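Next come the chains, spelled out residue by residue.
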Amino acid sequence: MNSFFDGYIHSNTTLKELMEQYDNALRKKVQKEDEANAHSLNVQIQKVSPYKFEDQFQKADTIAKCKNSKNK
């Protein structure tokens, strides 16, 4: 929790300011996640073998897709 609010609030922060800063912190977190997802869509997974099917896999899949399938 501290790292989420780091730089956004302090001991004298009012409740109104807390709510505004919470919104700012949440927006920044979502923006960073969106940027990371956009970046991963353009990165190919590294090959681990000399087999040709990996070439096909690289063209059809991305790191983002692999991460999404692991979370299911």
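Located above this text is the structure these notes cover.
Per chain, the residues get numbers from 1 upward, laid out in the order the sequence is written. Selection of residues for local features in this predicted model requires a pLDDT of at least 70, selection of side-chain atom pairs for listing and counting requires 80 or more, and totals for whole chains, interfaces and linings are taken over all residues. No hydrogens and no water enter the side-chain calculation; it runs on all heavy atoms of the structure.

Visitor: Please clarify how the overall build of the chain should be interpreted in this entry.
Guide: For the chain, the count of helices and strands is four helices and zero strands. Numbering of helices and strands starts at the N terminus; helices are DSSP runs of H or I of at least 4 residues and strands are runs of E of at least 2. Starting at the N terminus and walking to the C terminus, you meet the elements of the chain as α-α-α-α. Accessibility here uses a 1.4 Å probe with only protein chains present; expressed as a share of the type maximum, an area under 20% marks a residue as buried, one over 50% as exposed, and anything in between as partly exposed. Across the 72 residues that make up the chain, the buried fraction comes to 12%. Accessible surface computed for the chain: about 6,400 Å², of which carbon and sulfur atoms make up 54%. For the accessible areas, the method is Shrake-Rupley and the probe is 1.4 Å, while residue cover comes only from the protein chains on display.

Visitor: Got a minute to help me understand the side chain of Ser-49 in this structure?
Guide: Residue position: Ser-49 is located in the loop between helix H2 (15-40) and helix H3 (52-60). There is a polar contact of 2.2 Å between the side chain of Ser-49 and the side chain of Glu-54. In protein, a polar contact means a hydrogen-donor-capable atom and an acceptor-capable atom, both N or O and within 3.5 Å, with residues adjacent in sequence counting only if both atoms are side-chain atoms; elsewhere, any N or O pair within 3.5 Å suffices.

Visitor: Can you help me understand the pattern of salt bridges in this one?
Guide: Should the charged atoms of two oppositely charged side chains come close, the side chains can pair. When a carboxyl oxygen of Asp or Glu is within 4 Å of a side-chain nitrogen of Lys or Arg, the pair counts as a salt bridge. Under the definition given, this model contains two salt bridges. The residue Lys-16 makes a salt bridge to Glu-20 at a minimum N-O spacing of 2.7 Å. One end of the pair is Lys-16 and the other is Glu-20, both in helix H2 and four residues apart, which spans about a single turn. Given a relative accessible area of 58%, Lys-16 falls into the exposed group. For Glu-20, a relative accessible area of 38% translates into the label partly exposed.

Visitor: I keep staring at a nonpolar patch on the surface and nothing clicks. Help me out?
Guide: Residues enter a patch when their relative accessible area is above 30% and they make no salt bridge; the linking distance is 9 Å between like charges and 5 Å between nonpolar side chains (Val, Leu, Ile, Met, Phe, Trp, Tyr). Where nonpolar side chains cluster on the molecular surface, the patch consists of Tyr-22, Leu-26 and Val-30 and spans about 230 Å² of accessible area. Residue placement: Tyr-22 occurs in helix H2. Owing to a relative accessible area of 36%, Tyr-22 belongs among the partly exposed residues under this scheme.

Visitor: Whenever I open this one, the side chain of Glu-54 confuses me. Can you help?
Guide: Among the structural elements, Glu-54 can be located in helix H3. Residue class for Glu-54 comes out buried when judged on its relative accessible area of 10%. Within the structure, Glu-54 has its side chain in polar contact with the backbone nitrogen of Val-48 (distance 2.9 Å). Contacts are assigned to residue pairs with any non-hydrogen atoms lying within 4.5 Å of each other. Every residue in contact with Glu-54, bar those within four places of it in the chain, is listed here: Gln-46, Lys-47, Val-48 and Ser-49.

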